[in-house]
Amino acid sequence: MTALTRILLVGASGRMGQQLLPLIQADTRCTLAAAATGRGGHELGLGDVPQLTVGTLNDAPEVDVVIDFSRPAGLEAALEFCLRRRVPLVSGSTSLDDFHWAALDSAAQRIPVLWAANFSLGVVLLTELVRRCAAVLQGWDCDIVESHHAMKLDAPSGTALHLGAAVESERGELPRMHSLRAGDIVGEHTVQFAGKGERIELVHRATNRVIFARGALEAALRLVGQPPGRYAIAELML
Ligand SMILES: NC(=O)c1ccc[n+]([C@@H]2O[C@H](COP(=O)([O-])OP(=O)(O)OC[C@H]3O[C@@H](n4cnc5c(N)ncnc54)[C@H](OP(=O)(O)O)[C@@H]3O)[C@@H](O)[C@H]2O)c1
């Protein structure tokens with residue numbers, strides 16, 4: 001019988017953490033080894049599973065992989081932990097800066113690292129379609145419009161920046177980005193290419209956060225056993 005993949009979840013009390021917890025617990029390929037939050041004091045109802053904060057990650061039992069959906073500070077703590085234990089990291093935390101990008105690159109020399117702005121299969125494929133449009137439709141105006149719930153802290157979204165980078169890689173310049181924050185929108189991204197007399201719109205609508213959680217869990221299970229390096233979500237999902 002193959003051993004279960006032991007997962008440490010960072011950000012367990014958050015909207016994403018709450019989607020991941022039941023998925024991990026229900027998946028017969030893995031087990032929740034420990035759960036960490038930012039401040040602690042949450043009753044997550046995890047029974048015997050150790051509940052930590054990002055300040056006490058050292059107390060975690062042995063794990064095979066870490067999944068982080070928290071804040072930049074949570075990612076830093078998770079990365080430090082992964083380097084110390086030599087285990088892979090999957091992270092979807094956003095609002096990262098140059099310090100974090102450099103830290104992820106440097107860590108990737110010693111452990112497998114996957115950071116993705118969006119873990120949904122639809123957005124992984126959308127990125128490929130956007131890249132193709134950007135390459136073929138040189139000279140057309142390109143705009144990205146993204147809408148999210150009113151509680152979202154960062155703008156533009158990590159996904160909009162990621163789609164923008166795909167356009168930039170083909171044209172040498174970023175498209176314009178427009179952000180809306182309203183109600184409980186899970187996440188919508190429209191990439192519009194407008195030429196003279198015609199227009200293409202590529203739209204992705206997330207209606208449930210579980211798509212990100214499912215993608216992150218799948219990526220984590222596939223990252224275990226891989227050599228050190230920086231992995232792209234498309235490499236693991238397409
Ligand atoms: N890549 C993707 O596919 C994707 C999809 C959705 C969201 N996200 C990103 O994932 C992250 C989490 O989103 P969410 O909606 O779940 O957020 P959330 O509901 O606000 O939850 C944040 C989680 O992080 C913890 N936390 C807060 N401050 C922290 C700190 N300074 N250090 C360590 N941990 C801290 C919180 O713990 P406490 O409750 O104890 O504060 C909580 O567990 C965000 O960056 C969001 O943009 C990414």
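Criteria and cut-off values
Residues numbered from 1 in each chain as written. Predicted model: local features only at pLDDT ≥ 70, side-chain atom pairs only at ≥ 80, totals over all residues. Near = placed C-beta within 6 Å. Helix = DSSP H or I, 4+ residues; strand = E, 2+ residues; numbered from the N terminus. Nonpolar A, V, L, I, M, F, W, Y, C, P; charged D, E, K, R; others polar. Pairing = 2+ DSSP bridges. Axes fitted to C-alpha atoms, helices over the stretch in contact; angles between N-to-C directions. Core = buried A, V, L, I, M, F, W, Y, C linked by C-beta atoms within 7 Å. Buried ≥ 20, exposed ≤ 12 C-beta atoms within 10 Å, placed from the backbone.

(A) Inspection of the site of the ligand at higher detail. Residues in close proximity to the ligand total 26 residues, the closest being Gly14, Gly38, Ser70, Gly74 and Gly92. Broken down by secondary-structure element, the contributors of at least two residues to the shell around the ligand are α1 (15–26) and α2 (72–85). Looking at the shell around the ligand element by element, the count peaks at three residues for α1. Taken together, the residues of the shell around the ligand sort by class into nine nonpolar, 14 polar and three charged.

(B) Local environment of the sheet that holds strand β11 (residues 229–231). Taken together, the seven strands give an open sheet; going across it, the order is β3-β2-β1-β4-β5-β6-β11, and neighbouring strands pair in parallel fashion. The two strands at the open ends of the sheet, each matched to only one other strand, are β3 (51–53) and β11. Ignoring strand direction, the axes of neighbouring strands in this sheet form an average angle of 25 degrees. Both strand β1 (residues 5–10) and strand β4 (residues 65–68) contribute to a ladder of four bridges, which runs parallel.

(C) Representation of the nonpolar core within the structure. Core analysis: the largest hydrophobic core is formed by 49 residues, its most contacted members being Ile7, Leu9, Val66 and Ala216. For this core, the element with the highest residue contribution is helix α6 (residues 210–223), accounting for seven residues. Residues Leu126, Leu163, Val191 and Phe193 belong to the second largest nonpolar core, which totals twelve residues.

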